[in-house]
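# Coordinate analysis (summary)
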Amino acid sequence: MAIQQSSNLGTSVRTRYRLRYEEGVEAVRTYDQLAGVLQDTDVPRGSSVTVVAYSKLQPRPTTAVGSQTADFTPQTMTESSTSVTVDFYNDGLKAHDKAKLSSYLPTEEAYAKLVGENMAETVDALARRQATQNGIQLWKGTNTTRATLAQATAADRMKAAIFTDARAISGSWQLNKYLDGTMMCIMSDEQFADLINESSSALITRQGYTEQGIKILLNWELATLSGIRLVVSPYAKKCYGAGAANGTSVSTTLNDSAANAGDTTITVTANTNIAAGQWLSIGTAQTGDESDTTILTEPVNVLSVSGTTITIAGQHPLGGLLYSHADGATVSNAATVYIAAFGGPNSLAKVYDKGEGEYGQLVGPKTDGMADQWTSWAWRWFGGYGVVNKAWIIR
């Protein structure tokens, strides 16, 4: 008897779900908006792409006065270079057909959208790491290290003065802007709330917009301040538990071998100082650069406490944990640190393979198994992000 081999479904099926995939990508896109595409290198080869720039000639009004008897001494042109690292990225999911047959929901469309969201979150994280780990740092409070910052400290909160400083710096350093002279700031909802609550910026909402936001250019854009477009995104950088310790400290770990995504209760080693209404972070605090581990660190709100069993509300679509966490994961109520990134449409450089596409490729649905019982959905992308001029990123 001939054995049926795994095979791709028709391209018409893949095209059918491409729209859902791209919807997932567009819904997430945040830091990618800081990136200008290097058009002359859109088919990269090797592990990096070199970006070359010429230095300006020196203005010298006195020396430039022309002589009638001697030629002038010409200047020497110099060039500098930096590079953007590129790589191949892929991820996806594999589902059993029983999930589709048992569900009343359009699972295949959901799979395509979930894979698109995962592609965008993964690739946008590459841009986020460049935007929040490089550039000029602005500190407007008395605390100037991540571990000492606290949202409860008024001086550490987002304020209008940061915007005026960023605007001044961007002009001096000739940061690339939009045609109307604006730039952008990517921030969290919490930072936006602080800005609204500050008396000097109480009228910020919808400032500069008319006719139901017709001037909006960017994904997640809500307002403008000092000629800066405010991109208020749930994907803006947050370092949960990386700030100052709370006065009534919670410092324990999960004692739960099955703390799975969607769970509405967790078990901790000790419940010292844990009370209803508190905000806790679960996972590794990001004290330095972002990693795949710190991305999974998440906040939860304590609803009730019964011994070491804590009932929580989280970011999962049904209200529980957004991600699964290992036994022994850190549970803390230390302050969260929020990183705002100021820049323009070319503050980052983006490189991608033209054949693979800016959004990569949706691969699948692909079936395999003796009974064709599994369906795989995946994405693939080849490219990378880099910072060409670190003065064009302010954070």
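Definitions and limits used
- Residues numbered from 1 in each chain as written.
- Predicted model: local features only at pLDDT ≥ 70, side-chain atom pairs only at ≥ 80, totals over all residues.
- Heavy atoms only, no water.
- Helix = DSSP H or I, 4+ residues; strand = E, 2+ residues; numbered from the N terminus.
- Buried < 20%, exposed > 50% of the residue type's maximum accessible area, 1.4 Å probe, protein only.
- Contact = heavy atoms within 4.5 Å.
- Areas by Shrake-Rupley, 256 points an atom, 1.4 Å probe, with all protein chains shown as cover.
- Pairing = 2+ DSSP bridges.
- Axes fitted to C-alpha atoms, helices over the stretch in contact; angles between N-to-C directions.
- Polar contact = N/O pair within 3.5 Å; in protein donor to acceptor, adjacent residues only side chain to side chain.
- Phe/Tyr/Trp six-rings, centres within 6.5 Å; stacked < 30°, edge-to-face > 60°.
- Lys NZ or Arg CZ within 6 Å of the ring centre and 35° of its normal.
- 1 Å grid on protein atoms, 1.4 Å probe; cavity = no way out; pocket = protein on both sides within 12 Å on 5 of 7 lines; lining within 4 Å.
- Points joined across faces, edges and corners; volume = space filled by probe spheres on them.
- Nonpolar A, V, L, I, M, F, W, Y, C, P; charged D, E, K, R; others polar.

## Remarks on the overall build of the protein chain
Helices and strands together make up the secondary structure of the protein chain, namely six helices and 20 strands. Burial statistics for the protein chain: of 395 residues in total, 41% are counted as buried. Nonlocal contacts in the protein chain, meaning residues at least 24 apart in sequence, comprise 75% of its contacts between residues at least 6 apart. Total accessible area on the protein chain stands at roughly 20,800 Å², and carbon and sulfur atoms take up 52% of it.

## Some thoughts on the sheet that holds strand β7 (residues 221-225)
As summarised here, the arrangement of the four strands in space is β7-β8-β6-β17, forming an open sheet in which the pairing is mixed. The open sheet terminates on both sides in strands that have one partner only, identified here as β7 and β17 (341-343). The average undirected angle you get between the axes of adjacent strands in this sheet is 25°. As judged from the three bridges shared by strand β6 (residues 183-187) and β17, these two strands associate in the antiparallel manner. The partner of I186 across the bridge, within β17, is A341. Contacting β6, β7, β8 (228-232) and β17, helix α4 (residues 160-172) crosses the sheet at an angle of about 140° to β6.

## Brief notes about the pairing of β6
Counted residue by residue, β6 has five buried out of five residues, so it is predominantly covered. Of the two faces of β6, the one lined by M183, C185 and M187 and the one lined by M184 and I186 are each fully buried. Judged from the five bridges that link them, β6 and β8 form a sheet pairing that is parallel. Directly across from M187, in β8, lies its bridge partner V232.

## Quick look at unusual backbone geometry
Within the chain, S226 stands out as a residue other than glycine whose phi angle is a positive 55°. The residue S226 is located in the loop between β7 and β8 in this model. Positive phi outside glycine occurs at N273, with the angle close to 70°. Mapped onto the fold, N273 is located in the loop between β11 (265-267) and β12 (279-282).

## Considerations on the pairing of β8
Burial of β8 is extensive: five of the five residues sit out of reach of the surface. Pairing geometry for β7 and β8, over four bridges, is antiparallel. Among the inter-strand pairings, A223 is bridged to a residue of β8, identified as L230. Between the antiparallel neighbours β7 and β8 lie two residues, among them S226 with a positive phi of about 55°.

## Description of the side chain of K350
Within the element layout of this structure, K350 appears in strand β18 (residues 348-352). Owing to a relative accessible area of 3%, K350 belongs among the buried residues under this scheme. One polar contact links K350 to E358, side chain to side chain, over a distance of 2.9 Å.

## Considerations on the packing of aromatic side chains
Summed over all chains, the structure comprises five aromatic pairs. What links up through ring pairs into an aromatic cluster is the set Y89, W381 and Y385. Lying over the aromatic face of W374, K94 brings its terminal NZ or CZ to 4.9 Å of the ring centre.

## Quick word on the layout of surface pockets
Space left empty within the atom packing is revealed by a probe, the size of a water molecule, rolled over the atoms. The computed volume of the largest pocket comes to approximately 1,300 Å³. In terms of lining residues, the largest pocket is bounded by 40 residues, among which E121, I295, L296, L322 and Y323 are the most central. When contributions to the lining of the largest pocket are tallied by element, the ones reaching two or more residues are β5 (87-96), α3 (107-132), β9 (238-239) and α6 (292-295). Here the element with the most residues in the lining of the largest pocket is α3; it accounts for twelve residues. Looking at the lining of the largest pocket, its residues break down into 20 nonpolar, ten polar and ten charged.

## Let's talk about empty space enclosed by the protein
In the structure shown here, the tally under the stated rule is two cavities of 30 Å³ or more. Here the largest cavity defines a volume of roughly 110 Å³. Here the lining of the largest cavity takes four residues from α3, the largest share from any one element. Of the residues in the lining of the largest cavity, the class split is six nonpolar, no polar and five charged. Here the second largest cavity is characterised by a volume of approximately 40 Å³. Residue lining of the second largest cavity: A95, H96, D97, K100, E108, Y111, T375 and W377, and that is the complete set. Those elements that place two or more of their residues in the lining of the second largest cavity are β5, α2 (97-102), α3 and β20 (374-386). Classifying every residue of the lining of the second largest cavity gives three nonpolar, two polar and three charged.

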